[in-house]
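Descriptive analysis of the structure
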Amino acid sequence: MRIPPTFEARLTSARMLAENVRELRFERVDGAPFDFAAGQWVNVHVPAAPGAEAEIKRAYSIASAPDGTPGFELAVTHVQGGPGSTFLHGLAIGATLSVVGPQGFFSRPLDKAQPSLFVATGTGLTPLRSMIHAALNAKHPMPMSLVFGVRTEADLLYRTELEALSARHPGLRVAFTLSRGAESWTGRRGYVQTHAQELFQALEGLGLGRPHVYACGLAKMVSAVRDLLRKEMQLPRELVHTERYD
Ligand SMILES: Cc1cc2nc3c(=O)[nH]c(=O)nc-3n(C[C@H](O)[C@H](O)[C@H](O)COP(=O)(O)OP(=O)(O)OC[C@H]3O[C@@H](n4cnc5c(N)ncnc54)[C@H](O)[C@@H]3O)c2cc1C
């Protein structure tokens, strides 16, 4: 198996996507193009504790699509007291760190891509955002649907971008669902697994082949979605692709 390379990356810009989610844009310091497949992740070296010399590694999915440049984006949820996410939320523009990657097998090769349902909660959206952009950039014809679940409207990462993409691309359907939506929210409610079957069936009804499902987020959600797809809907294993963050 190929050992993923280690390289230095510089933080070139950052912005908050939600109250506790920071998007960080890095560039390889050596200027080489960062070659990865949409859906893959990197390991980032961070101090084991504030100011410590000892380092630990934390995995983050790449949020941007491969574009042949040295740049790439991550989106990090701040976990209270967590050394990795706290460090990355405080990282100053211009700082550099060691990155190992790309890594992982959660990807959607476009040469064999089928209609696809993407299921995400929180920053589990990031590898799916990369896959969506990669497919649209390549003008890949297979339809895609995304069901993205968060607690409140303010937690909807990349909302404007996703709404604009689905308005521009008839083959992309985007559904947001809130588990703690305000009364004013008129969209979908509840967990992503409540909506996955309907969206899967709508894709299947297009008659373009059996859809594949890509689910990413915390283990509890991924397990619930896998149970729905494999046990209740009896989907074969090869149609169900998952990535767990914990
Ligand atoms: C393949 C892979 C890809 C990942 N990609 C991302 C990503 O794109 N963005 C991201 O924010 N995290 C991602 N993670 C999680 C990340 O690696 C760290 O676990 C997370 O940042 C917490 O690290 P910490 O050192 O701050 O806290 P720790 O003390 O190490 O973790 C504390 C606990 O936080 C919980 N946790 C982990 N991730 C999250 C999360 N995203 N939201 C809420 N709770 C969480 C877990 O239960 C974990 O045990 C990914 C993990 C894996 C395995």
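Residues numbered from 1 in each chain as written. Predicted model: local features only at pLDDT ≥ 70, side-chain atom pairs only at ≥ 80, totals over all residues. Heavy atoms only, no water.

The next thing to look at is the overall build of the protein. Of the regular secondary structure elements, the protein holds five helices and 12 strands. In terms of C-alpha radius of gyration, the protein reaches 18 Å, essentially the compact-globule figure of 18 Å for 246 residues. Counting only C-alpha atoms and orienting by the principal axes, one finds that the protein spans roughly 55 × 45 × 35 Å. A total of 246 residues make up the protein; the buried ones form 48% of that total. When contacts within the protein are restricted to residue pairs at least 6 apart in sequence, long-range pairs at least 24 apart make up 69% of them. Counting only carbon and sulfur atoms, one obtains 52% of the accessible surface of the protein, whose full area is about 12,100 Å². The protein carries 26 positive and 23 negative side-chain charges, and their two centres are separated by 4 Å. (Helix = DSSP H or I, 4+ residues; strand = E, 2+ residues; numbered from the N terminus. Rg over C-alpha atoms; globule rule 2.2 N^0.38 Å. Buried < 20%, exposed > 50% of the residue type's maximum accessible area, 1.4 Å probe, protein only. Contact = heavy atoms within 4.5 Å. Areas by Shrake-Rupley, 256 points an atom, 1.4 Å probe, with all protein chains shown as cover. Lys, Arg positive; Asp, Glu negative; His and termini not counted. Charge placed at Lys NZ, Arg CZ, Asp CG, Glu CD.)

So, on to the site of the ligand. Of all residues adjacent to the ligand, which total 20 residues, the nearest are R58, A59, Y60, G84 and S85. In the environment of the ligand, an oxygen atom lies 3.3 Å from a nitrogen or oxygen atom belonging to the backbone of G82. At 3.4 Å, a backbone N or O of P83 approaches an oxygen atom of the ligand. Protein contact buries 73% of the 880 Å² of open area that the ligand shows by itself. Taken together, the elements giving at least two residues each to the shell around the ligand come down to β4 (55-61), β5 (71-77), α1 (83-90) and β12 (240-244). Of all the elements, β4 adds the most residues to the shell around the ligand, at four residues. Of the residues in the shell around the ligand, the class split is nine nonpolar, seven polar and four charged. (Near = heavy atom within 4 Å. Polar contact = N/O pair within 3.5 Å; in protein donor to acceptor, adjacent residues only side chain to side chain. Nonpolar A, V, L, I, M, F, W, Y, C, P; charged D, E, K, R; others polar.)

The subject of this paragraph is the domain arrangement of the protein. Assigned domains of the protein: these are domain 1 (6-103) and domain 2 (110-244). For domain 1 and domain 2, the distance between their C-alpha centres works out to 24 Å. Facing 19 residues of domain 1, the contacting portion of domain 2 comprises 14 residues. For the domain 1 and domain 2 pair, buried surface summed over both sides reaches about 1,200 Å², with 54% attributable to carbon and sulfur atoms. There are one salt bridge connecting domain 1 and domain 2. Residue R129 pairs with E73 through a salt bridge whose shortest N-O separation is 2.9 Å. Counting across the interface, domain 1 meets domain 2 through five residue pairs in polar contact (both at pLDDT 80 or more). If you list the elements that add at least two residues to the side of domain 1 that touches domain 2, you get β1 (6-18), β2 (21-28) and β5. In terms of residues, the side of domain 1 that touches domain 2 owes the most to one element, β5, which gives four residues. (Domains from an automatic or database assignment. Buried area = accessible area lost by both parts, 1.4 Å probe. Salt bridge = Lys/Arg side-chain N within 4 Å of Asp/Glu carboxyl O.)

Where β1 and strand β6 (residues 96-103) come together, five bridges link them in antiparallel fashion. Across the sheet, residue R10 finds its bridge partner in β6, namely T96. Strand direction decides the pairing type here: β1 and β2, joined by eight bridges, are antiparallel. By the bridge assignment, R15 is partnered in β2 with E23. Where β1 folds back on β2, the antiparallel hairpin that results is connected by two residues. (Pairing = 2+ DSSP bridges.)

Bringing α1 into the picture now. Residues spaced three or four apart along an α-helix face the same direction, because each turn holds 3.6 residues. Inspection of α1 places G84, S85, L88 and H89 among the buried residues, and these make up the whole buried set. For α1, the angular spread of buried residues about the axis comes to 125 degrees, placing them on one side. Contact partners of the buried residues in α1: β1, β2, β3 (41-47), β4, β5 and β6. (Arc of directions from axis to C-beta.)

One finds F118, L125, I132, L146, F148, L157 and Y158 to be the most contacted residues of the largest nonpolar core, which totals 33 residues. When residues of this core are traced back to their parent elements, those giving at least two are β1, β7 (116-121), α2 (125-137), β8 (144-150), α3 (159-168), β9 (172-178) and β11 (212-217). Counting residues per element, this core draws most heavily on α2, at seven residues. Residue assignment places this core across two domains, with domain 1 (6-103) and domain 2 (110-244) each supplying three or more. Residues contacting Y158, with those up to four places away along its chain left out, are R15, L17, E23, A63, A75, L125 and R129. Formed by 20 residues, the second largest nonpolar core is a distinct cluster that contains F200, L203, V213 and M233. (Core = buried A, V, L, I, M, F, W, Y, C linked by side-chain atoms within 4.5 Å.)

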